[in-house]
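Summary of structural features
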Amino acid sequence: TVGRTGTINPSAILEPVLIDGSLVQRATLNNEDFIMERDIRIGDYVIVRKAGEIIPEVVRVDISKRQDGLHPFQMIDACPVCKTSLVRKEQEANHYCPNEFCPGKTLESLIYFASRPAMNIEGLGEKNVETLYNLGYIQDIPDIYLLKDKETELLQIEGFGVKRINQLFLAIENSKNNSLDRLLTGLGIRNVGNKVAKTLAKNYKNLDNLMQATYEDLRNIHEVGTIIASNVVEYFQKKKDMIHTLQSFGVNPKEKESTT
């Protein structure tokens, strides 16, 4: 699958197995190195656990049950969604789809932006985001803040009644008042999760300050390494126009304590 930042995420499709009371049919394989180090092959019997008691993960292969003729894993070289050639940077374990307009990457980024850990827009769950994306109503993050102009069109979608739409519009409007770290989390900057987002918000206080930060400025922050600093600078160089659009819509939060 393609992640929100373009990461290519290999997964194991399993014969259903019950783990800690839930039926598991899919498990993360993290990246190419993880698979090669454990010599995991299609057709293998594997030991699976729930990492952190939540995410199913393949621990190791039961070699004693390996059948003859199973081929060693070979990483794909093109994005499974848009077919763009994948890249893997030095010192990074993941392969990435570099296509900025990859539909898989775009959809996942929209889902994450609206999700609970990020902007927490109630009514824009995964299913609804996918529906609105496929219908062309949301193609980029700023489009979320233009949905209020599409009430007539939304009423034609099954399950989108007047009450639900009004609640959605209110949730979108309220999201403009979220804390800066929530927005930074939702933007999907590579390697910037909630913890790093809080650090950046604490140090820069608002979007404009952060957008003007140089690589050297960011490296002076104890919790920010070389990769994160590069990714933040690169993101705001590429997405400057989008950020300005969000600001014009009233999405311009300042640093404050985030609610959960």
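Structure: above.
Our subject in this report is the structure included herewith. (Residues numbered from 1 in each chain as written. Predicted model: local features only at pLDDT ≥ 70, side-chain atom pairs only at ≥ 80, totals over all residues. Heavy atoms only, no water.)

**Regarding the pattern of salt bridges**
When charged atoms on two side chains of opposite charge get close, those side chains can pair. All chains considered together, the criterion is met by 12 salt bridges. We note a salt bridge from K176 to E173, for which the minimum N-O separation is 3.1 Å. For K176, a relative accessible area of 16% translates into the label buried. E173 sits in the partly exposed class, given a relative accessible area of 41%. When salt bridges with common partners are traced through the structure, they connect D39, R41, D44 and R66 into a single cluster. (Salt bridge = Lys/Arg side-chain N within 4 Å of Asp/Glu carboxyl O. Buried < 20%, exposed > 50% of the residue type's maximum accessible area, 1.4 Å probe, protein only.)

**Concerning the packing of aromatic side chains**
Remark: the centre distance and the inter-plane angle together describe each pair of aromatic rings, the angle taken between the planes. The full count for this structure, using the stated rule, is two aromatic pairs. Ring geometry for F113 against Y145: centres 6.5 Å apart, planes inclined by 85°, an arrangement best described as edge-to-face. Here F113, found in helix 2 (residues 103-114), pairs with Y145, found in the loop between helix 4 (141-144) and helix 5 (151-154); they are 32 residues apart in sequence, far enough to count as distant. Judged by relative accessible area, F113 falls into the buried class, the value being 0%. Taking the relative accessible area as the measure of exposure, Y145 reaches 2% and is therefore buried. Ring centres 5.4 Å apart and planes at 90° place the aromatic pair Y235 and F236 in the edge-to-face group. Residues Y235 and F236 agree in their burial class; the two are buried. Its end group placed over the ring of Y112, R4 keeps NZ or CZ at 3.7 Å from the ring centre. Above the ring of Y45, the side-chain terminus of K65 is found at 5.3 Å from the ring centroid. (Phe/Tyr/Trp six-rings, centres within 6.5 Å; stacked < 30°, edge-to-face > 60°. Helix = DSSP H or I, 4+ residues; strand = E, 2+ residues; numbered from the N terminus. Lys NZ or Arg CZ within 6 Å of the ring centre and 35° of its normal.)

Read these as geometric descriptors, not functional statements.
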